[in-house]
Structures are given as C-alpha cells and as structure tokens.
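Structural overview
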Amino acid sequence: MKPNFLVIQVDQLTDRALKAYGGRYCNEAIDSLFSSGVAFNSCTCQYPLCQPSRASLWSGLYPHQTNILSNGRRWPVEDLADSVPTLGSVFKSNGYKCVHFGKTHDAGALRGFEIENEDAIEIGENPQFPYNQDTFRDVYTSKKANEFLSSYGWDKPLLMVVDFVNPHNICGYVGKKKDTRIEDPSGLPELPSNYNFDDIENRSKSIQYICCSHNRQSQVATWTENEYRGYLGAYYHYLSLVDKQIGTLIESLTNTKGYDNTYIVFLSDHGDSMAARGAVTKQVAMYHETVNVPLVFSGPLIEKKGMIDALAENLDLFPTLCDLASIDIPSTCEGISLKDAIINGIRPQREYAVSEWFTEWGYTISPARMIATEDYRYIYYLEDGKEELYSLKLDPYEKYNVAEKAEYEIVLKKMRLYLEDFIKRSNDPFYHQTVYAPVRWRSHKVGYHNHVGIAAPMEDA
Ligand code: ZN
C-alpha cells in the first residue's frame with residue numbers, strides 16, 4: 001500500500017517564531033511535529049506573498065514560470081496553464097484520493113484536488129488581539145478536515161492538504177490597531193535585535209519605501225516600540241490559535257487506521273517581518289523573516305529525528321512526495337527530492353536557494369531576486385540596480401549590507417554568478433520585467449516613520 005500524506009500548511013509563519021528554530025514560545029502541536037520528525041534549518045519560499053508562493057508550491061515551478069506574479073487584485077493573473085502537471089493531478093492519476101481543506105488562493109494550481117468550500121465559524125472576539133475572517137476560517141477548516149478523517153474508508157491512499165490561514169490574521173490586526181496606543185507593554189514580547197533599521201540608507205529604494213507601496217507598512221508609521229511589541233504579542237497569539245487547530249487535526253489522524261502509514265508535512269507559504277527593521281507583515285523585503293519558512297517531515301513513517309543543516313525550498317515538496325510515494329517525478333518540477341535526507345539523513349546537494357518578487361498591488365512594481373547560500377544572502381533589485389549582501393554567519397539578523405565592502409568582492413562575484421546561473425537555467429525574464437515606481441512614492445525623507453498618509457492609492461496605477 002502506498003503511503004498517505006497529510007500536508008499542513010499555515011500562512012505567514014517565519015521559522016524564527018518556532019522553538020525548533022530558536023523561538024521563545026512553545027506551540028505544543030507544531031513543536032511535537034519537529035521533535036518527532038526531520039526538519040530543514042533553511043527552507044526558502046519562492047515568493048513572499050500568498051498566491052504566487054502557493055501556485056509555485058503546488059505546480060513545482062518558479063513564480064516566473066507560472067506567471068502568477070501577484071495576489072491578483074490590481075495586477076492581472078491568469079490561472080495556471082492546464083498543461084502543467086500539478087501535485088494534485090499527478091497523485092490523482094496515480095490512484096490517490098486527493099482532498100484539500102482551507103485556504104486555496106492558488107490560481108488553479110490545486111488542480112486534481114477535491115476542494116472543500118472555504119467558510120468560517122465565528123468564535124466571539126478578543127479585544128487585545130482582534131480576530132478577522134482568517135481565524136474564523138481556520139475553525140471551519142479543522143472541523144471539516146476532522147469530519148473527513150473520521151469517515152474516510154482508506155480504500156485509496158490519501159493525499160490530504162489542510163491549509164490554515166493563521167498567523168495571517170496579523171495583517172488584519174495592523175488595520176484594526178493602526179491608531180491604537182499601548183500604554184503598558186508589560187507581558188508583551190521583547191523586540192528583536194534587528195528592530196532598529198540603522199542601515200536603511202544602504203538599501204534599495206524598494207526597501208526604503210515599503211511604506212509607500214504597502215498599505216500595512218504605511219499604517220504603522222506612527223507606531224512606537226510599544227505598538228510593535230503588541231504586534232508581536234498578537235502574532236504569537238494567532239500562531240497559538242492555529243497550533244490548537246493543528247493539535248485536533250493530528251489527534252483525528254492518530255485515531256484512524258491509515259495513521260501508521262502516513263507522512264505528516266508541515267510548512268508555510270511565506271514568513272512575516274515580525275518587527276525586524278521596523279517592518280510588519282510581508283512584501284518586497286526578501287530577508288530571513290519573510291522568505292525563511294519552517295519545513296518538517298514527521299509522523300510514524302519517519303525514523304530519523306532532528307534538524308538537517310541544509311538548504312531546502314518549498315518547491316521540493318512536490319518531487320519529495322512523488323519520490324516517497326514511488327511516483328515518477330514530472331520533468332517540469334524545478335525542486336529536488338528530499339527523500340534521501342528524510343529517510344537516510346543525507347544532506348541534499350544544493351548550492352543556492354532562490355526567491356522572487358514582482359508586485360503585490362501593481363501600483364508599484366519592483367522586481368527582485370534573492371539568492372541564499374548557507375553563508376550569504378544576495379538580493380538584487382531591478383528598480384535601482386541596488387545589490388544587497390549579508391554574511392549570515394557573522395550577521396544572521398542582516399543588519400548590515402556589505403555588498404560594497406572590498407573584502408566581500410569575491411563573494412559578491414560568486415553570488416552574481418549564481419543569479420546568472422538561475423536566470424539562464426530557469427529561463428527567467430527578470431532583467432526584462434516591468435519596473436513601475438512613481439517618483440511621488442519615492443520622495444519623503446527615508447524612514448518608515450516619515451511616511452505620511454496611506455500608501456499609493458490604487459488609482460495611481
Ligand atoms: Zn512612505
């Protein structure tokens with residue numbers, strides 16, 4: 001009998017929020033997946049935004065290959081081409097029951113899955129950490145997923161995806177709390193060591209003016225340290241809520257006859273800034289907090305335990321599940337199988353990991369590429385040709401861009417070669433992509449707190 005898979009995805013979870021990656025707070029269900037599984041200490045999402053990242057994940061293609069380059073609100077997005085094999089279509093044609101619960105936002109890349117409706121169950125309010133649809137949808141998702149597991153007959157092997165939305169509720173939190181002042185921050189989390197953005201003058205304009213291209217960053221222009229600590233408190237709260245839902249899901253699975261033959265995978269579509277550099281949520285920033293996501297393979301079929309010190313990508317999910325299920329990996333898949341790492345503890349061979357950016361809303365378009373090795377992160381922004389380089393071993397919180405320092409010249413040249421290699425091998429139109437950054441959205445004194453008013457209104461496009 002082929003193995004079953006339960007893939008649990010959350011939305012907007014940076015790895016640093018979890019105990020397994022050095023975080024301060026416990027989350028019982030998620031932590032237990034890590035303590036009983038094989039995890040990767042550096043997993044890169046392919047785009048720090050929901051829809052492009054998810055379309056990439058389910059199709060096994062880089063975002064520029066799916067051409068799904070935004071959330072689609074202002075910049076047009078066409079559904080994934082029918083000719084592209086998807087995780088769902090491949091597993092379905094190999095005899096699997098493929099079911100999906102929760103958030104889709106996939107631009108057609110979940111093709112092959114039977115998709116449960118997205119709905120919500122309200123659970124009252126919490127004045128300190130207000131809820132929005134994100135939280136309520138998770139309650140509905142786990143209810144439906146648990147009902148499915150309790151009634152499934154296991155006549156076919158199962159590929160089940162449960163897509164939770166939290167801690168994404170943090171985006172709605174910013175909107176609701178943008179004008180609220182916190183007088184007493186006691187009990188709230190401390191700010192990260194990279195909260196102050198001392199090096200902002202040495203970054204791309206795309207980074208210096210996130211406040212002008214992203215409404216959430218503009219909404220926090222008047223926040224002080226207290227409000228940022230409130231943000232972190234809320235973030236951990238929303239994470240604890242989804243952890244509870246994951247706990248019920250795993251308990252439901254444990255009570256089925258399919259459990260003993262099931263791999264459990266846990267990952268996130270992208271991260272969250274978590275107040276690093278005074279930033280909130282995610283967007284064009286391609287630093288650790290927004291692009292590094294947790295990845296763990298757990299469950300009764302996993303014998304090896306612990307963290308593997310290696311570069312993984314979200315793109316690896318598709319080929320890895322194929323490999324674990326003895327299904328031929330489609331030639332279109334860009335990622336690599338992590339099976340040898342999961343089963344035998346062998347480090348995967350990968351020189352660099354990649355993430356991409358194009359736009360969120362379409363009224364500023366600032367394409368970027370991020371190349372990460374185990375030791376360095378290199379980011380190139382098309383808007384101003386600015387290069388950023390971080391020594392991840394010496395400066396893991398990416399406080400200082402060293403791209404222009406003479407002692408890093410050799411490293412810089414090597415990172416540029418990796419970018420050229422990526423562009424060539426993946427047929428990436430990066431250098432020919434549109435740039436749209438009106439002067440009026442690049443004009444105030446540098447610093448997010450100097451922003452006045454809302455971010456670029458939609459009619460500016
Ligand atoms: Zn601004």
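See above for the structure.
Cut-offs used in this document
- Residues numbered from 1 in each chain as written.
- Predicted model: local features only at pLDDT ≥ 70, side-chain atom pairs only at ≥ 80, totals over all residues.
- Heavy atoms only, no water.
- Salt bridge = Lys/Arg side-chain N within 4 Å of Asp/Glu carboxyl O.
- Helix = DSSP H or I, 4+ residues; strand = E, 2+ residues; numbered from the N terminus.
- Buried < 20%, exposed > 50% of the residue type's maximum accessible area, 1.4 Å probe, protein only.
- Disulfide = S-S within 2.5 Å.
- Donors = N, O, S within 2.8 Å, 3.2 Å for Na, K, Ca; no water.
- Tetrahedral: all angles 85-135°; square planar, octahedral: opposite > 155°, others 65-115°.
- Contact = heavy atoms within 4.5 Å.

**Quick notes on the pattern of salt bridges**
Counted by the stated rule, this structure contains 27 salt bridges. A salt bridge links Asp269 to Arg54; the nearest nitrogen and oxygen atoms lie 2.9 Å apart. One end of the pair, Asp269, is in the loop between strand E6 (262-268) and helix H11 (288-291); the other, Arg54, is in helix H2 (residues 50-59), and 215 residues separate them in sequence. In this structure Asp269 comes out as buried when scored by relative accessible area, which is 0%. For Glu356, the salt bridge is made with Arg369, and the minimal N-O distance between the two is 3.8 Å. Within this pair, whereas Glu356 is found in strand E10 (residues 353-357), its partner Arg369 is found in strand E11 (residues 368-372), the two being separated by 13 residues in sequence. Glu356 gets classed as buried once you look at its relative accessible area, which sits at 2%. Where salt bridges share partners, they join Asp11, Arg54, Lys103, Asp163 and Asp269 into one cluster.

**Description of the state of the cysteines**
Evaluation of the coordinates by the stated rule reveals 0 disulfides. Free cysteine Cys98: the closest other cysteine sulfur is in Cys322, separated by 11 Å.

**Some words on the coordination of the zinc ion**
Around the zinc ion, the donor atoms from the protein are Cys211 (SG), Cys212 (SG), His444 (NE2) and His451 (ND1), and they sit 2.0 to 2.4 Å away. Coordination at the zinc ion is tetrahedral: its 4 donor atoms span angles of 98 to 128° at the metal. Coordination of the zinc ion draws on donor residues from a single chain, spaced C-C-x231-H-x6-H in sequence. A residue pair is termed long-range when its members are at least 10 positions apart, and Cys211 in helix H8 (residues 210-213) and His444 in the segment after helix H14 (409-425) qualify at 233 residues.

**Details of the side chain of Asp243**
As for its placement among the helices and strands, Asp243 is situated in helix H10 (residues 225-254). Ignoring any residue separated from it by four or fewer positions in sequence, one finds Asp243 in contact with Asn27, Glu28, Ala29 and Ile30.

**Observations regarding helix H1 (residues 28-35)**
Buried within H1 are the following residues: Ala29, Ile30, Asp31, Leu33 and Phe34. Contacts made by the buried residues of H1 are with strand E1 (4-10), strand E2 (38-44), H10, E6 and strand E8 (295-298).

**Side note on unusual backbone geometry**
Excluding glycine, most residues fall at negative phi; most peptide bonds, likewise, are trans. With an omega of 10°, the peptide bond between Asn166 and Pro167 qualifies as cis. Residues other than glycine seldom take positive phi values, yet Ser326 does so here, at roughly 55°. For Asn427, which is not glycine, the phi dihedral falls at a positive 55°. Structurally, Asn427 is set in the segment after H14. The class for Asn427 is exposed, based on a relative accessible area of 67%.

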